[in-house]
Amino acid sequence: MNVWQALGYFLREALLSLRRGWKVSLLAVLTIAVSLFVGGLFLLVTHNLQLATARWRSEARIIAYLAAGAQQADIESLSASLMARPEVTGIVRVSPEEARERLREAFPALEDIVEDPGATPLPGSLEVSTVPEADSESLQPLVEALEASSTVDLVDDDRAWLGRLDTAVALARGAGLLLGALLLAAAVFTIYSVIRLSAYLYREEIGVMRLVGATEAMIRGPFYLEGLMQGLLGGATSILALGALWLTSRSVGSGPLSAGSLTGDLVFGHFLPGTVLLLLLVLGALAGLLGASLSLQREMAGRPTDEPA
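Residues numbered from 1 in each chain as written. Predicted model: local features only at pLDDT ≥ 70, side-chain atom pairs only at ≥ 80, totals over all residues. Heavy atoms only, no water.

Account for the overall build of the protein chain, with residues named and values stated.
For the protein chain, the count of helices and strands is eleven helices and four strands. Each of the 309 residues in the protein chain was classed as buried or not, and the buried ones make up 39%. Taking all contacts inside the protein chain whose residues are at least 6 apart in sequence as the whole, residues at least 24 apart take part in 82%. Put simply, the protein chain shows about 17,400 Å² of open surface, and 66% of that area lies on carbon and sulfur atoms. (Helix = DSSP H or I, 4+ residues; strand = E, 2+ residues; numbered from the N terminus. Buried < 20%, exposed > 50% of the residue type's maximum accessible area, 1.4 Å probe, protein only. Contact = heavy atoms within 4.5 Å. Areas by Shrake-Rupley, 256 points an atom, 1.4 Å probe, with all protein chains shown as cover.)

The following block contains the structure:
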């Protein structure tokens, strides 16, 4: 029997075993699918958050909120001194009226508060753009200079909260991968049990095959392929579920996770790259092979010593 004939035999036997025990096989496939879906969902969310963070970092600015009653001459003098700094690339002055209009556009639900005549007016500000390679530490002298100015009431550096967001994204990714790994371990155990059950059901046929001189490769091959197919099916199912979730979010007309909403774009703005999807598929296949391998090793260890190898 050549290699292709052996593979054909393995495939026929694996499909027959899957069909006979389709209920337990379905459980194994769904367990892998759920574990990879959870891990993939965390990867999808953190992937979009990282893209958004990178975009925000490229647009990061230092915002100096002007003190009430700041004089025009003082503001112009401050702007000139800032532009003399090498790390500053531009300054945009935002009037209180412009600030109110921006707030109305960004948060329509707050329009009643914005339009309330008794509400505290928003302060004017200077939005200071800096060189892209600058970080919070290198910009600290600039921030301190702004804080020391009597023309400025408050200073906000976007890079400070972006650093905290990076830490939160990393923690979320780690937690998701850990949870996915625990669920994947449960999936391996499930496949281990399924393959163990299949080997037990076929124990008489396996015994006859050994008696007539069949090699261990011919005996174990169908079980390995069965575990591999279960893992691939679980991986493919998880990818399809992630794709369906992403497409649903992009097609929903309204809601917090719809396309165009801030939360929706952050969570489901871009789908996972092909390399990550391939990794999910490979992990599913490896989980299936590992479960089958562990099961067959135990089956081998439990054989009577007088059975021919």
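Could you give me a rundown of the sheet that holds strand 1 (residues 61–66), with the residues and numbers involved?
The sheet built from four strands is open, its strands ordered 2-3-1-4 with antiparallel pairing. With partners counted over all chains shown, the strands left at the sheet margins are strand 2 (88–94) and strand 4 (152–157), one partner each. Within the sheet, the average angular offset between the axes of one strand and its neighbour, ignoring direction, is 20°. As paired elements, strand 1 and strand 3 (residues 125–130) share five bridges and run antiparallel to each other. Each residue of the ladder has a partner; that of tyrosine 65, found in strand 3, is serine 125. Helix-sheet contacts for helix 3 (residues 72–83) involve strand 1, strand 2, strand 3 and strand 4, and the interaxial angle to strand 2 is about 160°. (Pairing = 2+ DSSP bridges. Axes fitted to C-alpha atoms, helices over the stretch in contact; angles between N-to-C directions.)

Can you explain the nonpolar core? Please cite residues and give values.
Formed by 28 residues in total, the largest nonpolar core has its most connected members in Ile32, Ile195, Phe223 and Leu272. Among the secondary structure elements, those contributing two or more residues to this core are helix 2 (22–58), helix 7 (158–201), helix 9 (216–251), helix 10 (262–268) and helix 11 (274–301). Ignoring sequence-local partners within four residues, the contact set of phenylalanine 223 consists of Ile195, Ser198, Ala199, Tyr202, Ile206, Ala292 and Leu296. Judged by nonpolar contacts, the second largest core, of 17 residues, contains Ala64, Ile75, Val88 and Val128. (Core = buried A, V, L, I, M, F, W, Y, C linked by side-chain atoms within 4.5 Å.)

Requested: an account of the pattern of salt bridges, with residues and values cited.
Pairing of side chains with opposite charge becomes possible as their charged atoms draw close. Counted by the stated rule, this structure contains two salt bridges. One salt bridge connects glutamate 127 with arginine 61, and the closest N-O pair in it is separated by 2.6 Å. Here the residue glutamate 127 occupies a position in strand 3, and arginine 61 occupies one in strand 1, the gap between them amounting to 66 residues. Arginine 85 is the salt-bridge partner of glutamate 87, the closest N and O atoms lying 3.4 Å from each other. Classification of arginine 85 as partly exposed rests on a relative accessible area of 26%. (Salt bridge = Lys/Arg side-chain N within 4 Å of Asp/Glu carboxyl O.)

Go over the packing of aromatic side chains, please, and point to the residues and values.
Per the counting criterion, the structure on display carries two aromatic pairs. Ring geometry for phenylalanine 189 and tyrosine 192: centres 6.1 Å apart, planes at 25°, overall stacked. Separated by three residues within a single helix, phenylalanine 189 and tyrosine 192 lie in helix 7, roughly one turn from each other. Overall, the relative accessible area of 54% leaves phenylalanine 189 in the exposed class. Taking 5.5 Å as the distance between ring centres and 45° as the angle between the ring planes, the aromatic pair formed by tryptophan 246 and phenylalanine 271 counts as tilted. Taken together, the residues tryptophan 246 in helix 9 and phenylalanine 271 in the loop between helix 10 and helix 11 connect sequence positions 25 residues apart. Its relative accessible area of 24% is what places phenylalanine 271 among the partly exposed residues. (Phe/Tyr/Trp six-rings, centres within 6.5 Å; stacked < 30°, edge-to-face > 60°.)

Would you mind going over the environment of valine 152 in detail, with residue names and values included?
Locating valine 152 in the fold gives a position in strand 4. Along the backbone, valine 152 and leucine 126 are 26 residues apart, and their C-alpha atoms lie at a distance of 9.2 Å. Beyond its immediate chain neighbours, meaning those up to four positions away, valine 152 contacts Ala64, Tyr65, Leu66, Ala67, Leu78 and Leu146.

Give a detailed account of a nonpolar patch on the surface, specifying residues and quantitative values.
Taken together, the side chains of Leu278, Leu279, Val282, Leu283, Leu286 and Leu289 make up a nonpolar region of the molecular surface, amounting to roughly 490 Å² of accessible area. Inspection of the secondary structure puts valine 282 in helix 11. (Patch = residues over 30% accessible without salt bridge, like charges linked within 9 Å, V, L, I, M, F, W, Y side chains within 5 Å.)

Give a detailed account of the environment of serine 150, specifying residues and quantitative values.
Positionally, serine 150 belongs in the loop between helix 6 (140–148) and strand 4. For serine 150, a relative accessible area of 70% gives the class exposed. Put simply, serine 150 and alanine 70 are 80 residues apart on the chain and 8.5 Å apart in space, counted from C-alpha to C-alpha.

Run through the packing of helix 2 against helix 9, naming residues and quoting values.
Think of two packed helices as two axes; the pair is described by the angle between the axes and how far apart they sit. Between helix 2 and helix 9, the shortest axis-to-axis distance is 7 Å and the interhelical angle comes to 45°. The orientation of helix 2 relative to helix 9 falls into the category oblique. Relative to helix 9, helix 2 is oriented so that their crossing is right-handed. In this structure, helix 2 contributes Ser25, Ala28, Val29, Ile32, Ala33, Leu36, Phe37, Gly40 and Leu41 to the contact, and helix 9 contributes Glu226, Gln230, Gly231, Leu233, Gly234, Gly235, Thr237, Ser238, Ala241, Leu242 and Leu245. Grouping the constituent residues of the contact of helix 2 with helix 9 by class yields eleven nonpolar, eight polar and one charged. (Parallel < 35°, antiparallel > 145°, perpendicular 65-115°, else oblique. Left-handed = near helix turned anticlockwise from the far one by under 90°. Nonpolar A, V, L, I, M, F, W, Y, C, P; charged D, E, K, R; others polar.)

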